[in-house]
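# Structural overview for review
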2 protein chains.
Amino acid sequence: MLGIGNALVDVISQEDDGFLASLGVPKGSMTLVDEDVATEVYDRMGPAIEISGGSAANTIVGVAALGGTAQYIGKVRDDQLGEVFAHDIRATGVLYETPLATAGPPTGRCLVMVTPDAQRTMQTYLGASVHLGPGDVDPEAVRRAGVLYLEGYLFDPPEAQEAFRVAAGHAREAGRSVSVTLSDSFCVERHRAAFTDLVEHHVDLVFANEAEILALYEVDRFEDAVARIRDHGVVAALTRSERGSVVVTADEVVEVPAHPVEELVDTTGAGDLYAAGFLYGYSRGMDLATCGALGSLAASEVISHVGARPEADLRALAAQILG
Amino acid sequence: MLGIGNALVDVISQEDDGFLASLGVPKGSMTLVDEDVATEVYDRMGPAIEISGGSAANTIVGVAALGGTAQYIGKVRDDQLGEVFAHDIRATGVLYETPLATAGPPTGRCLVMVTPDAQRTMQTYLGASVHLGPGDVDPEAVRRAGVLYLEGYLFDPPEAQEAFRVAAGHAREAGRSVSVTLSDSFCVERHRAAFTDLVEHHVDLVFANEAEILALYEVDRFEDAVARIRDHGVVAALTRSERGSVVVTADEVVEVPAHPVEELVDTTGAGDLYAAGFLYGYSRGMDLATCGALGSLAASEVISHVGARPEADLRALAAQILG
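Described in the following lines is the structure provided in the data block. Because the structure is predicted, anything quoted here is derived from the model rather than measured.

A word on the sheet that holds strand β6 (residues 95-96) of chain A. By definition, the strands of a sheet pair up through backbone hydrogen bonds, in either a parallel or an antiparallel sense. Residues and elements named next belong to chain A. Read across the sheet, nine strands follow the order β6-β5-β1-β9-β10-β11-β12-β13-β14 without closing on themselves; strand pairing throughout is mixed. With one partner strand each, in any of the chains shown, β6 and β14 (253-256) form the two edges of the open sheet. Pairing analysis gives four bridges linking strand β13 (residues 245-248) to β14, with the strands arranged antiparallel. Within the sheet, the bridge partner assigned to Val-246 lies in β14 and is Glu-255.

Pasting the structure below:
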């Protein structure tokens, strides 16, 4: 499994709804900000903790934590947060060889504001991530991986978008599966035409939550979005928070219940870890119901604590499902 | 309240006893390491999270979280971890004006290895902290604060030791209370003569855990250490983990029970937050039993989660005791 994404360190604080209102951002969204705005918002945030993040990076770490072989491509700088990112991803057993940027913007960071309802709202300063480019995609790594996983967020920085397309091209040439997450409904709005083209013609497996799939097809009803995506010969794993997920293909509709959570603490990374569980199963040829159950399980672990990287032993948890 | 200490960012990972054994360090200790060893240990540690730390800084943050007026002096560099440290301490309302180092070693960090028994073992790279010096101690800030709080760890870097002595001198001249924590039994071993002199002649209030006070007097029985320190006209708040604490003066012995903890997760910061609660009460002239109870309360909060900075609303918790 090879994942490519914007490499970020999360800076997580607990905030109230009034703080989000004062920023003027919708709860649950991911907004891109420049370095000045990031500094301004950080100055106003409460005490924070730093944990490595980045959507596809979280997913790939989850795959490795489940016991899968995993590689990641994403760009950080040769600064302290870059060291933190590289340490954390390698410490979970992921192969991470992307050269550090030695000039230009610092390592990207995602300011994550967690509200008392456990929702997360993000302000992302991409930093060094914007300089991930096609040259960072090792064709051999793409060919070696059974499944390529790409985050929709890569469409925001132009060079990264090009890296996305190049990687997808190498994977398809080599007969590998290409999977993508739509990442965020506002990200879908920004890149709808390109995402529609991707989903309909260039990928095998799509991850999306309800808001994202509705945004893609500009429809109001989940059923209508499901009907649309089933026309395109892909596997679509559609997550619906506490209502679990629905995995659909042209021929199948598999309803997957959410895994029970003792205490919901921070939803950051729920989608990323769902994808991790699903992809771990998918890459080993498991049936869609099992893939979905592994996704629900990994998501339930990550939302029970602060941060988007798994803390519990996912392999041991998965053994309960896999027997 | 003014605190002075080694300013550090904690890098916290979950490790097993075998990992500690491979490092050859006693569980529960704090070892000083140079940058090379810190890098080597970090490379071997599992995925980590970064949270601002530093013993006296944790205490001062606790005082501010309880509603006290608080200032901190400690040295970081103008790097990313230095920004993190400065942000987190200011975000809790602490006045922090120590100029950033613009050259020399990077911001110090403390590698905190938490074992399954919730014990923490630390490897500290002091970094920029070693350049805290007497010039960083603003005499006006010392005179303004009702209580000065100094960490014993300051005795490790020579310039910081000098800053400690200068600050204590200003405080006593101005008729302020001087409080000190012995920090760590190995630190006591390194500086026993100086610590004994301090406790016997230069401070009003001493914090120590059982191992530290035994190390100070080179005795085996807690009762003997208590008898010794009662001879010196100080208030001594002696913590004994789950057995609570004993607060003694020449005239009084107050036994304080530990505050119940639902789940013991990470003992990092237990002593620091005990001191925070105690000092908050002490600086407001509360009786020793109430000071101790506030200490137990703040300690119980910090050991119920990862990291040495309070997460819950300490002020609201304290209201339950203070009515």
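We are not done yet, so read on.
All names here are of chain B. In space, the nine strands of this open sheet follow the order β6-β5-β1-β9-β10-β11-β12-β13-β14, with mixed pairing throughout. Lying at the two open borders of the sheet, with one neighbouring strand each, are β6 (95-96) and β14 (253-256). In this fold helix α12 (residues 288-302) packs onto β12 (235-239), β13 (245-248) and β14, with an angle of close to 30 degrees to the strand it touches most, β14.

Let's shift gears to the interface of chain B and chain A. Contacts between the two partners involve 18 residues from chain B, matched on the other side by 18 residues from chain A. Looking at the side of chain B that touches chain A, the elements that each hand over two or more residues are β4 (49-52) and α4 (80-91) of chain B. Broken down by element, the residue count for the side of chain B that touches chain A peaks at six residues, all from α4(B). Classifying every residue of the side of chain B that touches chain A by side-chain character gives nine nonpolar, five polar and four charged.

Attention now moves to helix α6 (residues 158-173) of chain A. Residues and elements named next belong to chain A. In this model, α6 (16 residues) spans 23 Å end to end at C-alpha, consistent with the 22 Å of a helix rising 1.5 Å per residue. Burial in α6 covers these residues: Ala-160, Ala-163, Phe-164, Ala-167, Ala-168 and Ala-171. Mapping the buried residues of α6 onto a view down its axis gives an arc of 130 degrees, with all of them on the same face. Turned more than 90 degrees off the buried face of α6, the exposed positions are Pro-158 and Glu-173. Of the surrounding elements, those touching the buried residues of α6 are β1 (2-4), α5 (139-144), β9 (147-151) and β10 (177-181). A positive phi of about 75 degrees marks Gly-175, the residue just after α6.

So, how was this worked out
Residues numbered from 1 in each chain as written. Chains lettered and ligands numbered in written order. Predicted model: local features only at pLDDT ≥ 70, side-chain atom pairs only at ≥ 80, totals over all residues. Pairing = 2+ DSSP bridges. Helix = DSSP H or I, 4+ residues; strand = E, 2+ residues; numbered from the N terminus. Contact = placed C-beta atoms within 7 Å. Axes fitted to C-alpha atoms, helices over the stretch in contact; angles between N-to-C directions. Nonpolar A, V, L, I, M, F, W, Y, C, P; charged D, E, K, R; others polar. Expected span 1.5 Å × (residues − 1). Buried ≥ 20, exposed ≤ 12 C-beta atoms within 10 Å, placed from the backbone. Arc of directions from axis to C-beta.

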